[in-house]
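Each chain is listed here by its residues.
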Amino acid sequence: MTGEASEIVLSRQDLREVTAFAAACAEGALGIFEADQPDDSRPRDAVGAAWEFARGGERGKSLRDTASAALKAAKDAGTPAAREAAWAAMSAAGAAYLHPLAKATQVKHILGAAAYAARAAELVAGDDRSVGPAHLRPAVRRVTPVVVDVLRRFPAPPAGGGRVGELIRMLDADLRSLTCASAEERG
């Protein structure tokens, strides 16, 4: 049993709240992708499917399919910023599949959409590294107490992951530092 992660209890409502947070974070990056690929709706479809699940829809094949399609859209993107924006959309749809394992890598399911969207914004701004942290501030304001509670059930995110990993760790630290009162005020 050494090295196995313990299981974390996640309700369907927990998953819906995490997915709504991820969809809201990814939504702002859709314009970056669409400026590069105006006729490709796959990332927008993935964010739409994430919202549908968050609002009570099923967590089934269509949600997985839109996440997979957004991933393929990322591969077809003509710019690094558009690729990151598509990954944000893929992450939003994938947030519904947060695994109930106490592994640090699972934090990316919760915060990945926000981090990819922030990275896309940095790249649009000529790789200005001050843009990403500024882009994360609205995510901190929009987080709900449920999302903070779910995040705190998991270990802190691991090192690595390049710039997106750095942005995940920044957002993670900001969200874990919220008091219950400040998270409730934001929710």
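Owing to the predicted nature of the structure, the values given are computational and were not obtained by experimental measurement.

A.B. asks: I'm lost on the packing of helix H3 (residues 42–54) against helix H5 (residues 80–94) in this one. Help?
C.D. replies: Relative orientation and spacing of two packed helices are given, respectively, by the angle between their axes and the distance between those axes. It is at 8 Å that the axes of H3 and H5 come closest, and there the two elements cross at 25°. Of the possible angle classes, the one that applies to H3 and H5 is roughly parallel. For the crossing formed where H3 meets H5, the hand is left-handed. On H5, the residues that touch Pro43, Ala46, Val47 and Ala50 of H3 are Ala86, Ala89, Ala92 and Ala93. Residue composition of the contact of H3 with H5, by class: eight nonpolar, no polar and no charged.

A.B. asks: Which parts of the structure should I look at to understand the packing of aromatic side chains?
C.D. replies: For any pair of aromatic rings, the description rests on two quantities: the centre-to-centre distance and the angle between the ring planes. In this structure the tally under the stated criterion is one aromatic pair. The aromatic ring of phenylalanine 53 is capped on one face by arginine 16, whose charged end is 4.6 Å from the ring centroid.

A.B. asks: Sorry, what's going on with the pattern of salt bridges here?
C.D. replies: A side chain of one charge can pair with a side chain of the opposite charge if their charged atoms are brought near each other. With the rule as written, the count across this model stands at 13 salt bridges. Notably, a salt bridge pairs arginine 83 with glutamate 84, separated by 3.4 Å at the nearest N-O pair. The class of glutamate 84 is buried, set by a relative accessible area of 6%. We note a salt bridge from arginine 119 to aspartate 127, for which the minimum N-O separation is 2.5 Å. Assessed through its relative accessible area of 10%, arginine 119 is described here as buried. Residues joined in a network through salt bridges with shared partners are Arg119, Glu122, Asp127, Arg129, Arg163 and Glu166.

A.B. asks: Before we go on, may I ask you to explain the environment of arginine 16 in this structure?
C.D. replies: Secondary-structure assignment places arginine 16 in helix H1 (residues 12–27). If we skip the residues at most four places from it in the chain, arginine 16 touches Phe53, Ala54, Gly56 and Gly57. A distance of 2.3 Å separates the side chain of arginine 16 from the backbone oxygen of phenylalanine 53, its partner in a polar contact.

Criteria and cut-off values
- Residues numbered from 1 in each chain as written.
- Predicted model: local features only at pLDDT ≥ 70, side-chain atom pairs only at ≥ 80, totals over all residues.
- Heavy atoms only, no water.
- Axes fitted to C-alpha atoms, helices over the stretch in contact; angles between N-to-C directions.
- Helix = DSSP H or I, 4+ residues; strand = E, 2+ residues; numbered from the N terminus.
- Parallel < 35°, antiparallel > 145°, perpendicular 65-115°, else oblique.
- Left-handed = near helix turned anticlockwise from the far one by under 90°.
- Contact = heavy atoms within 4.5 Å.
- Nonpolar A, V, L, I, M, F, W, Y, C, P; charged D, E, K, R; others polar.
- Phe/Tyr/Trp six-rings, centres within 6.5 Å; stacked < 30°, edge-to-face > 60°.
- Lys NZ or Arg CZ within 6 Å of the ring centre and 35° of its normal.
- Salt bridge = Lys/Arg side-chain N within 4 Å of Asp/Glu carboxyl O.
- Buried < 20%, exposed > 50% of the residue type's maximum accessible area, 1.4 Å probe, protein only.
- Polar contact = N/O pair within 3.5 Å; in protein donor to acceptor, adjacent residues only side chain to side chain.

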